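Given next are the chains, with one letter for each unit.
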Amino acid sequence: GDSVTQMEGPVTLSEEAFLTINCTYTATGYPSLFWYVQYPGEGLQLLLKATKADDKGSNKGFEATYRKETTSFHLEKGSVQVSDSAVYFCALGTVNSGGYQKVTFGTGTKLQVIP
Amino acid sequence: DGGITQSPKYLFRKEGQNVTLSCEQNLNHDAMYWYRQDPGQGLRLIYYSQIVNDFQKGDIAEGYSVSREKKESFPLTVTSAQKNPTAFYLCASNSDYRAYNQPQHFGDGTRLSIL
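To start, this report covers the structure provided alongside it. Just so we're clear, the structure is a prediction, and the values are computed from it rather than from any experiment.

**Thoughts on the side chain of B:Thr77**
Residues and elements named next belong to chain B. Residue position: Thr77 is located in strand 8 (residues 76-78). At 3.0 Å, the side chain of Thr77 forms a polar contact with the side chain of Thr20. Other than its neighbours up to four places away in sequence, Thr77 contacts Asn18, Val19, Thr20, Gly63, Tyr64 and Ser65.

Here it is as structure tokens:
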């Protein structure tokens, strides 16, 4: 079945450091890929997405490239801020046998940015 | 602003009691979803609905029930048969249940605890 593997956290960085959160996936066909962010006590917000191979999603300084050959969608940011502290979820979107959207989430990676 | 409203934010359940979590959306979305979030486990799908008066079981439907009498509303009942209900519950929606490349929109969640 479909699955998403994320690096374990927490990841602790100093402000202005470079961020990489690794995400790899297993899926049949050609899924869409998403990164969501969750702030404490809140729901998930879409951060960025990519719908086909070699697409690059970007938003708020975050980027991720859909790499079909390595089945990866790593999240990067050049200079993190304290306000980026949150839990980040990698997810893939496919269609199940009934024709309905199915989203498979990773377990989340907690990021802590210290001043 | 369009969005998803979940209520209450915190809920406590006594042994043997059923409780209902509310989810309302004004995005005019057809598809709605309920997820359960436990620490370190990511999100797991409980139920989903693609249209009024129709819904499907997700991966962990046992001990839960739903209804979809109106497009805007998708309440989740946690029954006494759910022996481990303590978790963070998230409601989501999507404009097209068949579109694997469309992101889901999330509410801010309800945290359910056992008394």
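**What to know about the sheet that holds strand 9 (residues 75-77) of chain A**
Residue and element names in this part refer to chain A. Ordered by their spatial adjacency, four strands build an open sheet running 3-9-8-7, and the pairing between neighbours is antiparallel. At either margin of the open sheet sits one strand with a lone partner, and together these are strand 3 (19-21) and strand 7 (56-59). On average, each strand axis in the sheet is tilted by 15° relative to the strand beside it, whichever way the strands run. As judged from the four bridges shared by strand 7 and strand 8 (residues 62-65), these two strands associate in the antiparallel manner. Residue Ser58 lies in a different strand from strand 8, and its bridge partner there is Glu63.

**Some words on the interface of chain A and chain B**
Where the parts come together, the accessible area they lose is often given as the size of the interface. Contact residues are listed per partner, giving 26 residues for chain A and 26 residues for chain B. It is A:Tyr100, A:Gln101 and A:Phe105 in chain A that bury the most area against chain B; as a group they hold 32% of the surface buried on that side. Between the two partners, chain A and chain B, sit one salt bridge. A:Lys102 is paired through a salt bridge with B:Asp59; the nearest N and O atoms lie 3.5 Å apart. On inspection of chain A and its partner chain B, the count reaches 14 residue pairs in polar contact (both at pLDDT 80 or more).

The rules we used
- Residues numbered from 1 in each chain as written.
- Chains lettered and ligands numbered in written order.
- Predicted model: local features only at pLDDT ≥ 70, side-chain atom pairs only at ≥ 80, totals over all residues.
- Heavy atoms only, no water.
- Helix = DSSP H or I, 4+ residues; strand = E, 2+ residues; numbered from the N terminus.
- Polar contact = N/O pair within 3.5 Å; in protein donor to acceptor, adjacent residues only side chain to side chain.
- Contact = heavy atoms within 4.5 Å.
- Pairing = 2+ DSSP bridges.
- Axes fitted to C-alpha atoms, helices over the stretch in contact; angles between N-to-C directions.
- Buried area = accessible area lost by both parts, 1.4 Å probe.
- Salt bridge = Lys/Arg side-chain N within 4 Å of Asp/Glu carboxyl O.

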